[in-house]
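The lines below spell out each chain.
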Amino acid sequence: MTSSEPPSEQAWRFDAALATWFMPGVGHMFLGESRRGAILGLTILILWIAGFLIGGVSVFDRTDHPLMFVCQVFFAPSAVADQALQRILKTGPGDPLPSGHPAYEPSFGRVNEQGVLYTALAGMLNLLAILDVIHRDPHRRRSDNPNVGTTLDLAARPAASGSGTDGSSGSGSGSGGGGGGVA
Amino acid sequence: MFAAPLLASFASLPTLGYRPFLDPLPLETYWLLLMPPMAIAIALVYKTIKLDSLEQLPRQAALLAVQIVAFMAMAAVGLWLITEIF
């Protein structure tokens, strides 16, 4: 019954995915899901910053742990931090700056593991958010959007709900306000 | 009266101050405490994406976080038993 629905307005949202790569949750906000985007953004950002704080800048070292860096880089600021480490801070392995203070202190052991794990996990969770936002149907799954089921939502929707031959899909999308809570 | 231990604790501090994001935090002995926040973050993000309605989010995320921690603990106990037996 869902095959009769034309996939009219559900498009690949590469712009939202790109925005999510730079800042988690922004892509969902583009699609009108502010609350969902805020929760995603805050959670992933806190996780990433916590990992950064725990292990220091040395957790973003693509030469030290390239596979984990692949996970980390799904959140764009990780690449920026790695570039800062490689080009600015890492004049040599452990080389001190002229002031006598080391540019950064590399982390070891459990602290390094936890920092890498936190930041890599933030990247992987952001990948989940990117995959979710890239092909998210803003009308099918949302029930927390105040516009769903209202006249604004119905007016914005093309003939998909009107041309629904089957009553189930038509009523399911048309009564999104009432049925959305159930779905 | 309290000056001597206080001074002794100050003397044991490193001469360089902690620089956020450049130096690691001294959490070597507390690494296990960092696991539950990670489980909570995983559960929160997964359920935020998965759920249609966010009304159920706190309950569902808490349930999933508890499940993750419980299964990690069970896996740890299982692995510990294997290392003890064999």
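Residues numbered from 1 in each chain as written. Chains lettered and ligands numbered in written order. Predicted model: local features only at pLDDT ≥ 70, side-chain atom pairs only at ≥ 80, totals over all residues. Heavy atoms only, no water.

Chemist: Any details on the overall build of chain B? Residues and values, ideally.
Modeler: Looking only at helices and strands, one finds three helices and zero strands in chain B. The N-to-C order of helical and strand elements in chain B reads α-α-α. Looking at the 86 residues of chain B, the share that counts as buried comes to 23%. Surface summary for chain B: the accessible area is close to 6,300 Å², and the carbon and sulfur share equals 77%. (Helix = DSSP H or I, 4+ residues; strand = E, 2+ residues; numbered from the N terminus. Buried < 20%, exposed > 50% of the residue type's maximum accessible area, 1.4 Å probe, protein only. Areas by Shrake-Rupley, 256 points an atom, 1.4 Å probe, with all protein chains shown as cover.)

Chemist: Break down the pattern of salt bridges for me, with residues and values.
Modeler: A side chain of one charge can pair with a side chain of the opposite charge when the charged atoms of the two come close. Residues and elements named next belong to chain A. Under the definition given, this model contains seven salt bridges over all chains. Across the pair arginine 136 and glutamate 33 runs a salt bridge whose closest N-O atoms are separated by 2.8 Å. Here arginine 136, found in the loop between helix 6 (109-134) and helix 7 (151-156), pairs with glutamate 33, found in the loop between helix 2 (26-30) and helix 3 (34-55); they are 103 residues apart in sequence, far enough to count as distant. For the pair arginine 136 and glutamate 33, a shared accessibility class is recorded, and that class is buried. Across the pair arginine 110 and glutamate 113 runs a salt bridge whose closest N-O atoms are separated by 3.5 Å. Taken together, the residues arginine 110 and glutamate 113, both in helix 6 and three residues apart, mark about one turn of the helix. You can call glutamate 113 partly exposed: its relative accessible area is 44%. Connected through shared salt-bridge partners, Glu33, Arg36, Asp132 and Arg136 make up one network. (Salt bridge = Lys/Arg side-chain N within 4 Å of Asp/Glu carboxyl O.)

Chemist: Break down the environment of His65(A) for me, citing the residues and quoting the values.
Modeler: Residues and elements named next belong to chain A. Within the secondary structure, histidine 65 sits in the loop between helix 3 and helix 4 (66-72). Its relative accessible area of 13% is what places histidine 65 among the buried residues. Excluding anything up to four places from it in sequence, histidine 65 contacts Ser58, Val59, Phe60, Gln72 and Val116. (Contact = heavy atoms within 4.5 Å.)

Chemist: Please provide a residue-by-residue account of the interface of chain B and chain A, values included.
Modeler: Listed by partner, the interface residues are 29 residues for chain B and 39 residues for chain A. Approximately 3,000 Å² of surface area, both sides summed, lies buried where chain B meets chain A, with 67% of it carried by carbon and sulfur atoms. In terms of surface lost to chain A, no three residues of chain B exceed Phe21(B), Ile49(B) and Asp52(B), which account for 23% of the buried area on that side. Here chain B is connected to chain A by zero salt bridges. (Buried area = accessible area lost by both parts, 1.4 Å probe.)

Chemist: An account of helix 3 (residues 57-85) of chain B is needed here, citing residue identities and associated values.
Modeler: End to end, helix 3 of chain B covers 41 Å across 29 residues, agreeing with the expected 42 Å (1.5 Å per residue, within 8%). Among all positions in helix 3 of chain B, only Leu57(B), Ala61(B), Leu64(B) and Ala65(B) are buried. Elements in contact with the buried residues of helix 3 of chain B: helix 3 of chain A together with helix 2 (35-50) of chain B. (Expected span 1.5 Å × (residues − 1).)

Chemist: Tell me about the confidence of the model for chain B, and name the residues and values.
Modeler: All names here are of chain B. Chain-level pLDDT for chain B is 83 on average; 81% of the residues reach the 70-or-more range. Ranking the helices and strands of chain B by mean pLDDT puts helix 3 first, with 95, and helix 1 (residues 3-11) last, with 44. Low pLDDT (under 50) marks residues 1-13, which in the prediction has zero contacts with non-local residues, meaning those over four places away or in another chain. (pLDDT = per-residue confidence, 0-100.)

Chemist: Describe the packing of aromatic side chains, with residues and values.
Modeler: Applying the stated rule across the entire model yields seven aromatic pairs over all chains. On the basis of an interplanar angle of 40° and a centroid distance of 5.5 Å, the ring pair of Trp48(A) and Phe60(A) is categorised as tilted. Taken together, the residues Trp48(A) in helix 3 and Phe60(A) in the loop between helix 3 and helix 4 connect sequence positions 12 residues apart. Like Trp48(A), the residue Phe60(A) is buried in the burial classification. Through a chain of ring-to-ring contacts, three or more aromatic side chains come together here, namely Trp48(A), Phe52(A), Phe60(A), Phe75(A) and Phe21(B). (Phe/Tyr/Trp six-rings, centres within 6.5 Å; stacked < 30°, edge-to-face > 60°.)

Chemist: Any details on a nonpolar patch on the surface? Residues and values, ideally.
Modeler: Residues and elements named next belong to chain B. Taken together, the side chains of Val77, Leu79, Trp80, Leu81, Ile82, Ile85 and Phe86 make up a nonpolar region of the molecular surface, amounting to roughly 820 Å² of accessible area. Relative to the assigned elements, leucine 79 resides in helix 3. For leucine 79, a relative accessible area of 56% translates into the label exposed. (Patch = residues over 30% accessible without salt bridge, like charges linked within 9 Å, V, L, I, M, F, W, Y side chains within 5 Å.)

Chemist: If you had to explain helix 3 of chain A to someone new, which residues and values would you point to?
Modeler: Between its first and last C-alpha atoms helix 3 of chain A spans 31 Å; for 22 residues at 1.5 Å apiece the expected length is 32 Å, and the two agree. Looking one or two residues past helix 3 of chain A, Gly56(A) carries a phi angle of roughly 80°, positive in sign.

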